[in-house]
Amino acid sequence: MIVLKYEKTYPSSMVSHIDTVRLMNRIIRRSGIDIAYSAGFNPHMEIFFSPALSLGVESVCEMMAIKQPSDIEAQTKPLSNATAKSTIEISSAESQIEVNASKDCAEEAHSILHGHNADAINTNTGIINDAQSILQRLNAVTVDGIRFTACWIKEKNPNFAAHVYYASYLFCLEGIGSLKIDDITKGEYFIEYIEKGTLIKKDISDLVKFVEVRDKDCIEATLACGNKNLKADRFICGVCANNGINAEGVKIVKQKMFDEQLNEITVALL
Amino acid sequence: MNKIDLTKITKPSRYVGGEYNTPKIKKDAKVQICFCFPDVYEVGMSNLGMRILYYMLNSLDFVSCERCFAPWEDYAEALHEKDAELCSLESGTPLKNFDMVAFSVQYELCYTNVLYMLELAKIPLRTAERKQGDPIVLAGGPCSVNLEPLADFCDFIDIGEGEDVLKRIAECLAVTKGKSRADIVAALDQLEGCYAPSLHPVGFFYETDSEGNRTFVGQSLPDKVVKQQKVADMNACFCPETAQVPNLEIIHDRAVVEIFRGCANGCRFCQAGFIYRPVRERTPEYVAELSKKLLDSTGYDEISLNSLSTSDYSHLRELIDYLTPYAEVNHVNYSLPSLRMDSFLGEYADKKRKSSLTFAVEAGTQRLRNVINKNITEENVLSCLTQAFQMGYSSVKLYFMLGLPTETMDDVKAIAELAYKIHALYNREKCSKKPLKLNVSASVFIPKPFTPFQWEAFDSRESVEEKQRYLKETLRKKGIAFNYHDYDSSVAETLLARGDRRLGNVLERVYKQGGIMDGWCEYFALGRYIDALKCEKIDINEFLGAQDVNKVLPWDYVDIGVNREYFLAEREKAYKAETTPNCYKQCNNCGLLERGMCSGKVVGT
């Protein structure tokens, strides 16, 4: 199982979750990474996502898991580019290495894919770090706003739905630091929003774990994420409305995901 | 860039760009073009013509080509609120800052969207109102064979296939850069395949009776014959080896390759079949190579092999043999739309899942099929379906038209009888317990320019609605689904398809009354067209009724290579229910051969 961490920023933050699934299918195809397909009449790629991100919200901590064909640990098939002829073999011993991709990796990957540096594959030391090569390949064929930042090889499906309970967000807007936030976590707190044409008034106090002003233009909040979910954009629009402030133009960036005990989700945890 | 809050907008990725495989946009290139598609992103990005020409223009080192699609109403409202203007997708440059905005006009009901986009871009609607500094406005695409209704709004029009002519247009723009608008338009007008309507006026003639009532009697033609452009060799012309991959689901969300252009069948109602003559095939090796390159560079898992009549491709089996191993290894589906009924290729059918089969039968009786020259017998239909049902297919779609020339209720009843026969056939031949899903769909016949039926009357509302009611009731008895096309939108389509330059004022009125997105049923209202025609004192029946064969038609100045005499001869044969064999069987002397535009050789031998 390949587990990936990725960023989703503008313009990709404007892509809905269902379109992101499709987008990822294509990125994986272009990268040449081998992936398992489901059985049956309509086979689809076996990819699993962390809880869906609302449209317009950016994130630096999204996660995705890719299942590989079970009889091959992590073999990457040859790229279709004529100059990249050899198969990259992935060592199964390197199973839990976290590698952070930098911009240089993306450039190197680009040159590998386009055949300028085929020797990088055929080194005498033989095998390239598997997680690193996966990141390079993905970042070489990714779209604007999606960037893969970490990769791990794991035995089992990380089951994001079972682990993710909360997420922290930064909300940035001129003057947002003046919002009255103390009462949000101190008992009932109602916000209003429109769903399917109906105005709903809801108590969100049990869905908000933490709210703090970072500076005059930025606040941070930890909200329920996953099976019980409070949409970040709904939260900030509701709170701003309660304070008589217009939330238009607020930039929302998801920072981290947490489990039920509010431990940060790391690969060790999954 | 305009400052619209995209989180409040439906489908914001329509307006954001950043698609994979977007070419590098050269903001310092001498010629800056914005390719405008007068429909929403999902429709425009599905269009193969746009995909080809966008890459072709960007491949020229002195040209930069960006895109713009018709925004949805909420985005347009946001533009008005912010007093902002419509901009290109790639760099957010206002449309009015380009050297040229080129509209690809695919169907008649999008004409008002051209005006919609021009106004949102703050470009004067009419050529007469534009000044130095305003971009040159071009229109092209399939409707260019008769764009007279849009003539007042287009600085110039290019007719035919765009690969070569658009390159010459870009070269002309480079040479005339910095000159006056009048000089640029005059230079573009000189190019083969192009013409500037303002330089070639038409006259309209009326008769006035003793009571002062005016009747339209005819028009003169522009003083120029414009030769429709056709690519000579499909294996040598520009074809992109990659495609942009949208971040949003579009209508045709797959890679597309043309296997050949043109059609030899000569169905008498079909404009595409005539305007894209002659047949020009690609080699199967080239198609296979293009397909693989497209799939590898995009990550698409589906590719469509397009043409007007795929089973006529002379190397179909070879092509399948090239593609099948690749498709299996890479989990890719390839589809062959436009297969004709008389050659159901069972072995090429979808092996994994028996999806629906679609057949365009078009008419219920053999007599009427002979009239329209759709050379298919009922036996063909039933034997193909027998084979399909035995293989496990249980879903069939049939397309028909209502209102065809010489049609009677007997022809309409035969549609229901055929559907009943198919129903009974399924019950005899099926290999599973699944019930048959049979869907009959009937559109309204629209007489189109450059077909033998270009002079025919458009069927009346009473007649069409009676036929639709009959089929609905009769088919429902056997649980057969029946869909039919809205009569109102077909009226507007006929009006514009056979329209002349007088309709420019009508279009502007329709647009000003809120007529946008007329191709979308939730927006279209025939009433706007009726009101506009009344204000302009134009009788709609001039366009809907049968046309006098001795009269000048507004599109007679366009030369597509097929003679008017050929269309007249085919029309005569139609009335006698006589068929014409396809070009593979014999050359029927349509005019292309004598002009050297067709080799006259049977393709594939």
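Predicted model, so just to flag it, every value in this text is computed and none were measured. (Residues numbered from 1 in each chain as written. Chains lettered and ligands numbered in written order. Predicted model: local features only at pLDDT ≥ 70, side-chain atom pairs only at ≥ 80, totals over all residues. Heavy atoms only, no water.)

Examining the overall build of chain B
Inference 1: A tally of regular secondary structure across chain B gives 18 helices and 19 strands.
Inference 2: The C-alpha atoms of chain B give a radius of gyration of 24 Å, which matches the 25 Å a tight globule of 605 residues would have.
Inference 3: Projected onto the principal axes, the alpha-carbon positions of chain B cover approximately 75 × 70 × 55 Å.
Inference 4: The proportion of buried residues among the 605 residues of chain B is 60%.
Inference 5: Residue pairs at least 24 apart in sequence account for 78% of intrachain contacts in chain B once pairs closer than 6 positions are excluded.
Inference 6: When the accessible area of chain B is evaluated, it comes to approximately 24000 Å², of which 50% is carbon and sulfur surface.
Inference 7: Taking the average place of the 74 positive charges on the side chains of chain B and the average place of its 85 negative ones, the gap between the two points comes to 3 Å. (Helix = DSSP H or I, 4+ residues; strand = E, 2+ residues; numbered from the N terminus. Rg over C-alpha atoms; globule rule 2.2 N^0.38 Å. Buried < 20%, exposed > 50% of the residue type's maximum accessible area, 1.4 Å probe, protein only. Contact = heavy atoms within 4.5 Å. Areas by Shrake-Rupley, 256 points an atom, 1.4 Å probe, with all protein chains shown as cover. Lys, Arg positive; Asp, Glu negative; His and termini not counted. Charge placed at Lys NZ, Arg CZ, Asp CG, Glu CD.)

Some points on helix H5 (residues 232-242) of chain A
Think of an α-helix as turning once every 3.6 residues; residues three or four places apart then point the same way.
Inference 1: Taken residue by residue, H5 of chain A has Ala232, Phe235, Ile236, Gly238, Val239 and Cys240 of chain A as its buried positions.
Inference 2: Contacts from the buried residues of H5 of chain A go to strand E5 (166-172), strand E6 (190-195), strand E8 (208-215), strand E9 (218-224) and strand E10 (251-258) of chain A.

Digging into the packing of aromatic side chains
Residues and elements named next belong to chain B.
Inference 1: Within this structure, the stated rule accounts for 19 aromatic pairs over all chains.
Inference 2: With 3.9 Å between their ring centres and 10° between their planes, Tyr15 and Tyr75 make a pair best called stacked. In this pair, Tyr15 is assigned in the segment before strand E1 (31-37) and Tyr75 in helix H3 (residues 73-81), connecting sequence segments 60 residues apart. Here Tyr15 matches Tyr75 in class, with each residue buried.
Inference 3: Arranged with centres 6.2 Å apart and planes meeting at 5°, the rings of Phe260 and Tyr313 form a pair that is stacked. With Phe260 in strand E11 (residues 260-261) and Tyr313 in the loop between strand E13 (302-306) and helix H9 (316-330), this residue pair connects regions lying 53 residues apart in the sequence. Like Phe260, the residue Tyr313 is buried in the burial classification. (Phe/Tyr/Trp six-rings, centres within 6.5 Å; stacked < 30°, edge-to-face > 60°.)

What about the interface of chain B and chain A?
Inference 1: With 27 residues of chain B at the contact, the number on the chain A side is 24 residues.
Inference 2: A buried area of about 2200 Å², summed over both sides, lies between chain B and chain A, and 54% of it is on carbon and sulfur atoms.
Inference 3: At the boundary of chain B and chain A, one finds three salt bridges.
Inference 4: Of the charged contacts, one joins Arg26 of chain A and Asp253 of chain B as a salt bridge, the two residues approaching to 3.3 Å between their closest N and O atoms.
Inference 5: Joining chain B to chain A, the criterion identifies eight residue pairs in polar contact (both at pLDDT 80 or more).
Inference 6: For the side of chain B that touches chain A, the leading source of residues is helix H8 (residues 284-298) of chain B, giving three residues.
Inference 7: Class assignment of the residues belonging to the side of chain B that touches chain A gives a composition of nine nonpolar, nine polar and nine charged. (Buried area = accessible area lost by both parts, 1.4 Å probe. Salt bridge = Lys/Arg side-chain N within 4 Å of Asp/Glu carboxyl O. Polar contact = N/O pair within 3.5 Å; in protein donor to acceptor, adjacent residues only side chain to side chain. Nonpolar A, V, L, I, M, F, W, Y, C, P; charged D, E, K, R; others polar.)

Focus: the environment of Pro201 of chain B
All names here are of chain B.
Inference 1: Looking at where Pro201 falls in the secondary structure, it is placed in the loop between strand E6 (194-195) and strand E7 (204-208).
Inference 2: Measuring from C-alpha to C-alpha, the distance between Pro201 and Ala151 comes to 9.8 Å, with 50 residues separating the pair along the chain.
Inference 3: When near neighbours in sequence (up to four residues on either side) are disregarded, Pro201 contacts Leu221, Pro222 and Arg501.

Focus on the domain arrangement of chain A
As a measure of interface size, the accessible area lost when the parts come together is often cited.
All names here are of chain A.
Inference 1: If you check the domain split of chain A, you get domain 1 (2-158) and domain 2 (163-258).
Inference 2: Residue-level contacts link 12 residues of domain 1 with 14 residues of domain 2.
Inference 3: Taken over both partners, the interface formed by domain 1 and domain 2 buries close to 990 Å², and the fraction arising from carbon and sulfur atoms is 61%.
Inference 4: When the buried area of domain 1 at its contact with domain 2 is split by residue, Pro51, Glu58 and Cys61 rank highest and sum to 44% of it.
Inference 5: Summed over the shared surface of domain 1 and domain 2, the number is two salt bridges.
Inference 6: With a closest N to O distance of 3.0 Å, Glu62 and Lys254 form a salt bridge. (Domains from an automatic or database assignment.)

Regarding the domain arrangement of chain B
All names here are of chain B.
Inference 1: By domain assignment, chain B separates into domain 1 (6-200) and domain 2 (254-338 + 564-605).
Inference 2: For domain 1 and domain 2, the distance between their C-alpha centres works out to 29 Å.
Inference 3: Residue-level contacts link nine residues of domain 1 with 11 residues of domain 2.
Inference 4: When the two sides are added together, the surface that domain 1 and domain 2 hide from each other amounts to roughly 820 Å², 44% of it contributed by carbon and sulfur.
Inference 5: Three residues stand out in domain 1 for area buried against domain 2, namely Leu48, Arg51 and Glu161, and they jointly supply 53% of the buried area on that side.
Inference 6: Where domain 1 touches domain 2, the interface holds five residue pairs in polar contact (both at pLDDT 80 or more).
Inference 7: For the side of domain 1 that touches domain 2, the leading source of residues is helix H2 (residues 48-59), giving three residues.
Inference 8: Taken together, the residues of the side of domain 1 that touches domain 2 sort by class into five nonpolar, one polar and three charged.

Considerations on the sheet that holds strand E14 (residues 333-335) of chain B
Strands in a sheet are paired, the pairing made by backbone hydrogen bonds, and the direction either parallel or antiparallel.
All names here are of chain B.
Inference 1: Reading across the sheet, the three strands line up as E10-E13-E14 and stay open at both edges, with parallel pairing between neighbours. Of all strands in the sheet, those with a lone pairing partner are strand E10 (255-258) and E14, marking the two edges. Sheet twist, expressed as the average angle between the axes of neighbouring strands with direction ignored, equals 20°.
Inference 2: With four bridges joining them, E10 and E13 adopt parallel strand pairing. (Pairing = 2+ DSSP bridges. Axes fitted to C-alpha atoms, helices over the stretch in contact; angles between N-to-C directions.)

Some words on the nonpolar core
Residue and element names in this part refer to chain B.
Inference 1: Formed by 88 residues in total, the largest nonpolar core has its most connected members in Leu95, Val101, Phe103, Val105, Leu150, Tyr529 and Ile560.
Inference 2: It is helix H4 (residues 111-120) that provides the largest number of residues to this core, a total of seven residues.
Inference 3: Taken domain by domain, this core gets at least three of its residues from each of domain 1 (6-200) and domain 2 (254-338 + 564-605).
Inference 4: Setting aside anything within four residues of it in sequence, one finds Tyr529 in contact with Leu109, Thr112, Ala492, Leu495, Leu496, Leu507, Val510, Asp518 and Phe524.
Inference 5: Core analysis: the second largest hydrophobic core is formed by 54 residues, Ala264, Ala288, Leu319 and Tyr584 among them. (Core = buried A, V, L, I, M, F, W, Y, C linked by side-chain atoms within 4.5 Å.)

Describing the pattern of salt bridges
Side chains carrying opposite charge are able to pair once their charged atoms draw close together.
Residue and element names in this part refer to chain B.
Inference 1: A complete count under the given rule lists 53 salt bridges over all chains for this structure.
Inference 2: Note that Glu289 and Lys293 form a salt bridge whose closest N and O atoms lie 2.9 Å from each other. Residue Glu289 and its partner Lys293 are located together in helix H8, separated by four residues, close to a single helical turn.

Details of unusual backbone geometry
Inference 1: Here the residue pair Tyr10 of chain A and Pro11 of chain A is connected by a cis peptide bond, since its omega of 0° sits within 30 degrees of zero.
Inference 2: That bond from Arg277 of chain B to Pro278 of chain B is cis: its omega, 0°, falls within 30 degrees of zero.
Inference 3: Phi angles above zero are rare outside glycine, and Asn159 of chain A is one such case at about 50°.
Inference 4: Locating Asn159 of chain A in the fold gives a position in the loop between strand E4 (146-153) and helix H4 (160-163).
Inference 5: For Lys11 of chain B, which is not glycine, the phi torsion reads 45° and is therefore positive.
Inference 6: Turning to its location among the elements, Lys11 of chain B is positioned in the segment before E1.

Quick look at the sheet that holds strand E15 (residues 357-362) of chain B
All names here are of chain B.
Inference 1: Pairing in this open sheet of four strands is parallel, and the strands run E15-E16-E17-E18 from one edge to the other. With one partner strand each, in any of the chains shown, E15 and strand E18 (481-484) form the two edges of the open sheet. Neighbour-to-neighbour, the strand axes of this sheet turn through a mean angle of 20°, independent of strand direction.
Inference 2: As judged from the five bridges shared by E15 and strand E16 (residues 395-402), these two strands associate in the parallel manner. Its bridge partner being in E16, Glu362 is matched across the sheet by Phe400.

Let's talk about the pairing of strand E3 (residues 58-66) of chain A
All names here are of chain A.
Inference 1: Of all nine residues in E3, eight are buried, a share of seventy percent or more.
Inference 2: Taken together, the six bridges between strand E1 (residues 2-8) and E3 define a ladder with antiparallel strand orientation. Across the sheet, residue Leu4 finds its bridge partner in E3, namely Met64.
Inference 3: As paired elements, strand E2 (residues 47-49) and E3 share three bridges and run antiparallel to each other. Each residue of the ladder has a partner; that of Ile47, found in E3, is Ile66.
Inference 4: Here E3 runs beside E10; their pairing, made up of two bridges, is parallel.

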